Amino acid sequence: MTVQTWTFIMVGLSFVLYIGVAIRSRATSTGEFYVAGGKVPPVINGMATAADWMSAASFISMAGMISFMGRDGSVYLMGWTGGYVLLALLLAPYLRKSGKYTVPDFIGDRYYSQTARFVAVLCAIFVSFTYIAGQMRGVGIVFSRFLDVSVNNGVLFGMGIVFFYAVLGGMKGITYTQVAQYCVLIFAYLVPAIFISLLLTDNVLPQLGFGSRLADGSGMYLLDRLDGLSEELGFAAYTAGQKQTLDVFFITLALMAGTAGLPHVIVRFYTVPKVAAARSSAGWALVFIALLYTTAPAVGAFARTNFITTISNAKYDEMPEWFHNWETTGLISYEDHNGDGRVQYTGPESSTTNEVIVDRDIMVLANPEIARLPAWVVGLVAAGGLAAALSTAAGLLLVISTSVAHDLFKKCLQPNITERRELIIARVAAGMAVGVAAYFGINPVGFVAQVVAFAFGLAAASFFPAILMGIFSKRMNKEGAIAGMVSGIVFTAAYITWFKLLHPELNSAENWLLGISPEGIGAVGMIINFAIALIVSRVTEEPPREVQALVEEIRVPRRRYEVRESSI
Amino acid sequence: MNDRKVEYWHRNLRYLGILLSVWFLVSYGFGILLVDMLDSVRLGGFKLGFWFAQQGSIYVFVILIFVYVRLMNRLDREFDVHEEESPGSDPAGPRP
């Protein structure tokens, strides 16, 4: 059977599975729609969190980015996992104890302020839409490359599926489909990685394989070979860093704090039954995430090795089929500068001798074909990529619909709304969000990839400090929190907008503040937020007694005998 | 806050301080600031700094969370603030 047939089978089967799960877990109340009734067991929630978190960027792009960045790719590996330590230790248990539905809800109540709530709602919606746009690009790539479907139809079809289970099932439906999607995506990620690890190094575990000797009889370590190959062709050594240490430090910090502050991740910890479960659930989430994240650097190193050895100096006419397939999608381009009919791939990519330009996003998807794995593995990877993109998109849609229905309508505009009506608004909002997301998928705005830095930067500079201080500083008041959030957001947004949107030509190390790139500036925004908030809160009135009591209350797991209704 | 609760909170903060120091050391320390120094040591085919940056730090993160879970479960019981087992209801209280 051909790759395409296998892809249809794999993707088709996985979609049937998701729909089946969705029908079995419909939501009937707002509690079930927003937080799955707060009854999801910690291990299951950990798995759902992992699928929620690992997006098209993790599945499709990350290993590819690492394979081109070498050691500098560690910022993603550490940044996107280390944030879970912050979540488990500093945020998740206390937020669960607060017993709210959303992040803006917590911020609004803790800082006894509708302004704070409103700022948080806008931030949550902006961050989520930015993120969804990225998922849609992933869906588009998979469909257009493997299924011969136009990107437009692919996106519409994918969104149709998400619409079906997100609108119908709410958080309950999403949770259980995400569990199924995790299983599909991790299987799809590990199978080719294990195959390739065996082929290259005889080691069944990719995590050990990329630190092993090559199986070609040379007795060389894979990473040493890769360093050698890269330097021969004019690239930097794979295991050496290019970025400034300070920049790496700040990017990692921004990604960690951003991870811990992303609303669609935090909301998952509202779905577990207990505070203790919120702690262990974050641990399980990281176990499931680490399975992919410790494999990714191995995949990156394998892919780089295979890619270089396959194409370097090979005759263009004898190139394997995958090379031409990706050429037709425009994600690989070849130009024979010196007219010798061979492929010269040399670094840096912009140099005049280099004849191949490769999009980093294709490495994971092309990897099985580059390594000549069987067709069904290629189909499986396509299904895995879709699972990663759709599960994250669904989680984000839910945040948007909850923010609109609960935080905006129920808490700001129409406090007397009935639960039935709130549920209808939530579903309509989810539906409209699907529509907007599909629009971005079909008409990708040029700067989508650029603004992902925004999502993490803003989450790091706004939510993370505001929530952290709300729990750990009883003295933090609304004046401090709002001043901190606003200055953090304005600083970060201005810096990113300046370098990414207004003056991309200036976007290089010598123009950056202290050599910190726009990707890492969220960490500076976070520090500014902390500093401003602490100063302003010291010179203004301390928060009301009942708010201080609320802070004391969320610091201990057990609930007091009588629980007053929300203090505002 | 009464004294017991203050003490509970301070114990919690001490655990956090210790665990987050380890968190900082393996990622920002070994994986970023000291990476070139550690790279002179080899761990099989890996340079040690590179291994911490791409593998080791992640394993330590997982361990840290489960250590915290254990420590806190014990602390909750010691100070008698752990949650009751009451399946079915929402023990963290009603939602707004």
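Residues numbered from 1 in each chain as written. Chains lettered and ligands numbered in written order. Predicted model: local features only at pLDDT ≥ 70, side-chain atom pairs only at ≥ 80, totals over all residues. Heavy atoms only, no water.

K.L.:
I'd like a rundown of the overall build of chain A, residues and numbers included.
P.N.:
A count of helical and extended segments in chain A gives 22 helices and two strands. Scaling as 2.2 N^0.38, a compact globule of 568 residues should have a C-alpha radius of gyration of about 24 Å, and chain A matches this with 24 Å. Along the three orthogonal principal directions, the C-alpha set of chain A runs to about 80 × 55 × 40 Å. Split into buried and exposed, the 568 residues of chain A put 64% on the buried side. Restricting the contact set of chain A to residue pairs at least 6 apart, pairs at least 24 apart contribute 80%. Summed over all atoms, the accessible surface of chain A reaches about 19,500 Å², with 63% contributed by carbon and sulfur. Side chains of chain A carry 39 positive and 39 negative charges; the gap between the two charge centres is 16 Å. (Helix = DSSP H or I, 4+ residues; strand = E, 2+ residues; numbered from the N terminus. Rg over C-alpha atoms; globule rule 2.2 N^0.38 Å. Buried < 20%, exposed > 50% of the residue type's maximum accessible area, 1.4 Å probe, protein only. Contact = heavy atoms within 4.5 Å. Areas by Shrake-Rupley, 256 points an atom, 1.4 Å probe, with all protein chains shown as cover. Lys, Arg positive; Asp, Glu negative; His and termini not counted. Charge placed at Lys NZ, Arg CZ, Asp CG, Glu CD.)

K.L.:
Kindly report on the overall build of chain B, identifying the contributing residues and their values.
P.N.:
Helix and strand content of chain B: three helices and two strands. Reading the helices (α) and strands (β) of chain B from amino to carboxyl end gives α-α-β-β-α. Looking at the 96 residues of chain B, the share that counts as buried comes to 50%. In the form shown here, chain B has an accessible surface area of approximately 4,700 Å², with 63% of it arising from carbon and sulfur atoms.

K.L.:
Which residues make up the side chain of A:S517, and what values go with them?
P.N.:
Turning to its location among the elements, A:S517 is positioned in the loop between α20 (478-502) and α21 (521-539). Not counting residues up to four positions away in its chain, the partners in contact with A:S517 are A:D247, A:I251, A:Y495 and A:W512.

K.L.:
Now, about the packing of aromatic side chains: what can you tell me, with residues and values included?
P.N.:
Following the criterion strictly, the structure yields 33 aromatic pairs over all chains and no others. Pairing A:F15 with A:Y18 gives two aromatic rings, centres 5.9 Å apart and planes at 45 degrees, and the pair type is tilted. Residue A:F15 and its partner A:Y18 are located together in helix α1 (residues 3-24), separated by three residues, close to a single helical turn. Comparing A:F15 with A:Y18, the two get one shared label, buried. Where A:F472 meets B:W9, the ring centres are 5.4 Å apart and the plane angle is 35 degrees; that geometry is what we call tilted. Taken together, the positions of A:F472 in helix α19 (residues 448-472) and B:W9 in helix α1 (residues 3-33) put the pair across two chains. On the basis of relative accessible area, B:W9 is assigned to the buried category, the value being 5%. Site record: aromatic cluster; members linked through ring pairs are A:F235, A:F307, A:Y316, A:W322, A:F323, A:Y334 and A:Y345. If you follow A:R213 out to its NZ or CZ, it ends over the ring of A:Y221, 4.4 Å from the centre. (Phe/Tyr/Trp six-rings, centres within 6.5 Å; stacked < 30°, edge-to-face > 60°. Lys NZ or Arg CZ within 6 Å of the ring centre and 35° of its normal.)

K.L.:
Got a sec to walk through the nonpolar core? Specific residues and values, please.
P.N.:
Residue and element names in this part refer to chain A. If you look at the biggest cluster of nonpolar residues, it comprises 229 residues, and the most contacted ones within it are W53, F59, L91, I107, Y293 and I467. For L91, the residues in contact, after removing those within four places along its chain, are L86, A260, F464, I467, L468 and I471. Counting residues in hydrophobic clusters, the runner-up holds five residues, among them V121, V404, L408 and A429. (Core = buried A, V, L, I, M, F, W, Y, C linked by side-chain atoms within 4.5 Å.)

K.L.:
Give a description of the interface of chain A and chain B that names residues and reports values.
P.N.:
Buried accessible area, meaning the area lost when the parts come together, often serves as the stated size of an interface. Counting from both sides, the interface comprises 70 residues of chain A and, opposite them, 55 residues of chain B. Where chain A packs against chain B, one counts 13 residue pairs in polar contact (both at pLDDT 80 or more). At the level of elements, α5 (74-98), α10 (222-232), α11 (245-261), α13 (275-293), α17 (375-413), α19 and α22 (545-555) of chain A are the ones that each hand at least two residues to the side of chain A that touches chain B. It is α5(A) that provides the largest number of residues to the side of chain A that touches chain B, a total of 14 residues. (Polar contact = N/O pair within 3.5 Å; in protein donor to acceptor, adjacent residues only side chain to side chain.)

K.L.:
An account of the side chain of A:Q344 is requested, with residue identities and associated values reported.
P.N.:
Residue and element names in this part refer to chain A. One can find Q344 in the loop between β1 (332-334) and β2 (356-358). Q344 sits in the buried class, given a relative accessible area of 16%. A distance of 3.0 Å separates the side chain of Q344 from the side chain of D340, its partner in a polar contact. Among all residues touching Q344, those that are not within four sequence positions of it are N313, N338, T353, N354, E355 and V356.

K.L.:
How would you explain the environment of A:V434 if you had to name every residue and give the values?
P.N.:
All names here are of chain A. Structurally, the position occupied by V434 is in helix α18 (residues 419-442). When its relative accessible area of 7% is taken as the criterion, V434 is described as buried. In the structure, V434 is positioned 40 residues away from A394 in sequence and 9.0 Å away in space, judged by C-alpha atoms. Ignoring anything within four residues of it in the chain, the contact list for V434 reads M159, F163 and L397.

K.L.:
Please provide a residue-by-residue account of α1(A), values included.
P.N.:
Residue and element names in this part refer to chain A. Counted at 1.5 Å a residue, the expected span for α1 with its 22 residues is 32 Å, and the 32 Å between its end C-alpha atoms agrees. Along α1, the residues that are buried comprise T7, M10, V11, S14, F15, Y18, V21 and A22. Axial view of α1: buried residues confined to an arc of 125 degrees, hence all on one face. Residues of α1 that are exposed and point over 90 degrees away from its buried face: L13, V16, I23 and R24. (Expected span 1.5 Å × (residues − 1). Arc of directions from axis to C-beta.)

K.L.:
I'd like a rundown of a nonpolar patch on the surface, residues and numbers included.
P.N.:
Residue and element names in this part refer to chain A. Residues L198, V204, L205 and L208 make up a contiguous nonpolar surface patch of roughly 340 Å² in combined accessible area. On the secondary structure map, L208 appears in helix α9 (residues 206-209). We classify L208 as partly exposed; its relative accessible area is 47%. (Patch = residues over 30% accessible without salt bridge, like charges linked within 9 Å, V, L, I, M, F, W, Y side chains within 5 Å. Salt bridge = Lys/Arg side-chain N within 4 Å of Asp/Glu carboxyl O.)

K.L.:
Go over the packing of helix α6 (residues 103-110) of chain A against α22(A), please, and point to the residues and values.
P.N.:
All names here are of chain A. Between α6 and α22, the shortest axis-to-axis distance is 10 Å and the interhelical angle comes to 130 degrees. Here α22 runs oblique to α6, going by the angle between their axes. Across the interface between the two elements, F106, D109 and R110 of α6 pack against V547, L550, V551 and I554 of α22. (Axes fitted to C-alpha atoms, helices over the stretch in contact; angles between N-to-C directions. Parallel < 35°, antiparallel > 145°, perpendicular 65-115°, else oblique.)

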